[in-house]
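# Survey of secondary and tertiary structure
These are the residues of each chain, in order.
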Amino acid sequence: MPSVMLRNNAAGDLVFYITKKDQEETVVALEHSGPNAWGGEIELADGSRFYLEPFAQTPKLPMTVRVKRL
Amino acid sequence: MTMNRQETEQLIQEVLEVYPDATGKQRAKHLMANDPTLEKSNKCLVTNKKALPGVMTARGCAYAGSKGVVWGPIKDMVNISHGPVGCGQLSRGGRRNYVTGYSGINVFAEMNFTSDFQEKDVVFGGDKKLATIIDEINTLFPLVKGISIQSECPVGLIGDDIEAVAKQKAKEIGKTIVPARCEGFRGVSQSLGHHVANDTLRDWVLSNRDGQEPTIESTPYDVVLTGDYNVGGDAWASRVLMESIGLRVIGQWSGDGTLSELELIPSLKPKLNLLHCYRSMNYISRHMEEKYGIPWLEYNFFGPTQIAKSLRAIAARFDETIQANVERVIAENQAEMDAIIAKFRPRLEGKRVMLFVGGLRPRHVIGAYEDLGMEIIGTGYEFAHNDDYDRTFKELQDGALIYDDATSFELEAFAERLKPDLIGSGIKEKFVFHKMGIPFRQLHSWDYSGPYHGYDGFAIFARDMDMAINNPCWKKMTPPWKQKAVGADLAEAA
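Residues numbered from 1 in each chain as written. Chains lettered and ligands numbered in written order. Predicted model: local features only at pLDDT ≥ 70, side-chain atom pairs only at ≥ 80, totals over all residues. Heavy atoms only, no water.

### Topic: the overall build of chain A
Tallying secondary structure elements over chain A gives zero helices and seven strands in all. Counting from the amino terminus, helix and strand elements in chain A follow one another as β-β-β-β-β-β-β. Its C-alpha atoms give chain A a radius of gyration of 11 Å, near enough to 11 Å, the size a compact globule of 70 residues would have. For the C-alpha atoms alone, the extent of chain A along its principal axes is close to 30 × 30 × 20 Å. The 70 residues of chain A split such that 39% are buried. Excluding contacts between residues fewer than 6 apart, the proportion of contacts in chain A whose partners are at least 24 apart in sequence is 26%. In the structure as shown, chain A presents an accessible area of about 3,900 Å², 49% of it carried by carbon and sulfur atoms. One way to put it: in chain A the 8 positive side-chain charges average out to a point 8 Å from where the 9 negative ones average out. (Helix = DSSP H or I, 4+ residues; strand = E, 2+ residues; numbered from the N terminus. Rg over C-alpha atoms; globule rule 2.2 N^0.38 Å. Buried < 20%, exposed > 50% of the residue type's maximum accessible area, 1.4 Å probe, protein only. Contact = heavy atoms within 4.5 Å. Areas by Shrake-Rupley, 256 points an atom, 1.4 Å probe, with all protein chains shown as cover. Lys, Arg positive; Asp, Glu negative; His and termini not counted. Charge placed at Lys NZ, Arg CZ, Asp CG, Glu CD.)

### Comments concerning the sheet that holds strand E9 (residues 296-298) of chain B
Residue and element names in this part refer to chain B. One open sheet accounts for four strands, arranged E7-E6-E8-E9; its pairing is parallel. In the strand order of this sheet, the two ends are held by strand E7 (248-254) and E9, each with one partner. Across the sheet, the mean angle from the axis of one strand to that of its neighbour is 25°, orientation sign disregarded. Pairing analysis gives three bridges linking strand E8 (residues 272-275) to E9, with the strands arranged parallel. Directly across from Leu274, in E9, lies its bridge partner Leu297. (Pairing = 2+ DSSP bridges. Axes fitted to C-alpha atoms, helices over the stretch in contact; angles between N-to-C directions.)

### A few points about the nonpolar core
Residue and element names in this part refer to chain B. Counting residues in hydrophobic clusters, the biggest one holds 109 residues, and the most contacted among them are Trp253, Ile314 and Tyr369. Ignoring anything within four residues of it in the chain, the contact list for Ile314 reads Met242, Leu247, Leu272, Leu274, Leu297, Tyr299 and Phe301. In terms of nonpolar packing, the next biggest core, distinct from the first, is built from 24 residues, Ile12, Ala58, Ala413 and Phe433 among them. (Core = buried A, V, L, I, M, F, W, Y, C linked by side-chain atoms within 4.5 Å.)

### Focus on the interface of chain B and chain A
Between chain B and chain A, the residue contacts involve 16 residues of the former and 12 residues of the latter. Counting the surface lost from both chain B and chain A, the interface buries some 1,200 Å², and carbon and sulfur atoms represent 39% of this. Its salt-bridge partner being Glu289 of chain B, residue Arg7 of chain A comes within 2.9 Å of it at the nearest N-O pair. Seen at the junction of chain B and chain A, the total is six residue pairs in polar contact (both at pLDDT 80 or more). Counting only elements with at least two residues in the side of chain B that touches chain A, the list comes to helix H12 (278-292) and helix H17 (386-392) of chain B. Residues of the side of chain B that touches chain A, tallied by class, amount to three nonpolar, five polar and eight charged. (Buried area = accessible area lost by both parts, 1.4 Å probe. Salt bridge = Lys/Arg side-chain N within 4 Å of Asp/Glu carboxyl O. Polar contact = N/O pair within 3.5 Å; in protein donor to acceptor, adjacent residues only side chain to side chain. Nonpolar A, V, L, I, M, F, W, Y, C, P; charged D, E, K, R; others polar.)

### Section: the packing of helix H18 (residues 408-418) of chain B against helix H19 (residues 427-435) of chain B
Angle between the axes and distance between the axes: these two values describe a pair of packed helices. All names here are of chain B. Here H18 crosses H19 at 35°, and the two axes come no closer than 11 Å. Pair H18 / H19 crosses with right-handed handedness. For the pair H18 and H19, contact is made by Leu411, Glu412 and Ala415 and by Glu429, Val432 and Phe433, respectively. Classifying every residue of the contact of H18 with H19 by side-chain character gives four nonpolar, no polar and two charged. (Left-handed = near helix turned anticlockwise from the far one by under 90°.)

### Some words on the domain arrangement of chain B
Residue and element names in this part refer to chain B. By domain assignment, chain B separates into domain 1 (5-57 + 344-476), domain 2 (63-187) and domain 3 (222-329). A straight line from the C-alpha centre of domain 2 to that of domain 3 covers 28 Å. At the junction of the two partners, domain 2 supplies 16 residues and domain 3 supplies 17 residues. Together domain 2 and domain 3 conceal approximately 1,300 Å² of surface at their shared face, both sides included; 61% is due to carbon and sulfur atoms. For domain 2, the biggest contributors to the area lost against domain 3 are Val70, Ile74 and Tyr98; these three give 32% of the whole. Measuring nitrogen to oxygen at the nearest pair gives 2.9 Å for the salt bridge that ties Asp256 to Lys75. Inspection of the domain 2/domain 3 interface yields nine residue pairs in polar contact (both at pLDDT 80 or more). Here the residues of the side of domain 2 that touches domain 3 sort into seven nonpolar, four polar and five charged. (Domains from an automatic or database assignment.)

### Here we look at the pairing of strand E11 (residues 375-379) of chain B
All names here are of chain B. Of all five residues making up E11, five are buried, and the element is well covered by its neighbours. As judged from the three bridges shared by strand E10 (residues 352-355) and E11, these two strands associate in the parallel manner. Across the sheet, residue Val353 finds its bridge partner in E11, namely Ile376. The pairing of E11 with strand E12 (residues 401-403) spans two bridges and is classified as parallel. Looking at the pairing, Gly378 lines up with Leu401 of E12.

### Observations concerning the side chain of Arg361 of chain B
Here Arg361 of chain B is to be found in helix H15 (residues 361-364). Those residues in contact with Arg361 of chain B that lie beyond four places of it in its chain are Val231, Asp234, Phe302, Leu355, Leu443, His444 and Trp446 of chain B.

Next up, the structure:
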């Protein structure tokens, strides 16, 4: 369960930052992107997939979360 | 002679032949030919890996990253080098982080404080000694604002509890005490030291005044300069430029910075956190964005092209007044910059440069060289991670050589083959390349010159590069193998 920081970059894309690895990846697909649920399956630009327990509302970014590797 | 990608790959293969198979295989992953279309480096480059046994690396240790880079320049704090005497003494004053103030009154950065570990401290633990030292420092220098404890290797090995000492003593003397677990053996390079130092800033400093009202009024034009260590006065050159466009700099991290500046930032909520050295301070920038909602922006103040680009990017985050100011400042400086380029470009045009430096310079200075008509044929970082290389590809020309954590053999072999007109690296490389007859500038310490940031800095940068490359001494130097044998001359004369 890596600890990950989610933030929007200057271009407005959602960026997935794995603190431990200093690795930044753009999110290409997010299962739920609001307004009633935000999270679920996340697919990154390098093809790897993660699962984030969905939030009831769109959270305020940036934010550090725990995600599951799929 | 500009090489294309294939030729560069070929060169890498030839240089790697010297190594044993296993070493060559490992090193091949750290070398590549640049492809500016690449967005991500993780498929083609391995970085931030331990240097291989038997090769000479230019890297430092975690203590160097924490004490030397991040904590060292903060002027109103005492940094205790906790451990044997050597680390502190030998790293003292080497980085030219300029400060203003009076030694012993509000500047303590140039002094060396160490706990001078002896055998008995290793056997019985050094915590008591540390507590005594903190008391002594507080008695000798009552004006000191805070103390940081920079642990050296033995402290981690014997498992001293420096955090407990820090907490207890901070309560007793009422000052900020920061324990940094930056033992040299941690991590693969100084890069981990930066991370450790950033984490201690987060845990022991930034949150100190949470919930308190700011002691000065904030304005809508407040910014922080992060990751500028004031080498040769760089941060001052940047600060002047920021102030000339109407921004108020409320903190300098950490060149010529103070502990109070650091502690004040969360409550002042600056509009923008301007990040120069991404490698060493991105961690704390990300944290401040998450916790305090302070957005960060990377900028580059080397050379007029990049300065204009960065100033416009900064202005875009503010209102029209700042945007108008930026255009005015760029226009005001244009004539002077044109004059500098007109003077030096004819002398430097087409010269080829190899770089091998640390955190930000292998990519940030490229623009400044290109403004002078010079060409970067190879660049590399000592301790970068993949995200630094992601940012490098776009800046560098197609087919240029990229070397991560280059060994001294590789650097020499590349220089022999590529025959650059100038090499920019550190003191360890300087004299080797001088002896090879190649002009050299130190790009860590600006070769005791500087500042190189901002418009003022570019004038000095251009002069220094000209001075190095066009120095008449290079024409006087004939290597021994090209000289006529001395004996033969004598025989003829006889």
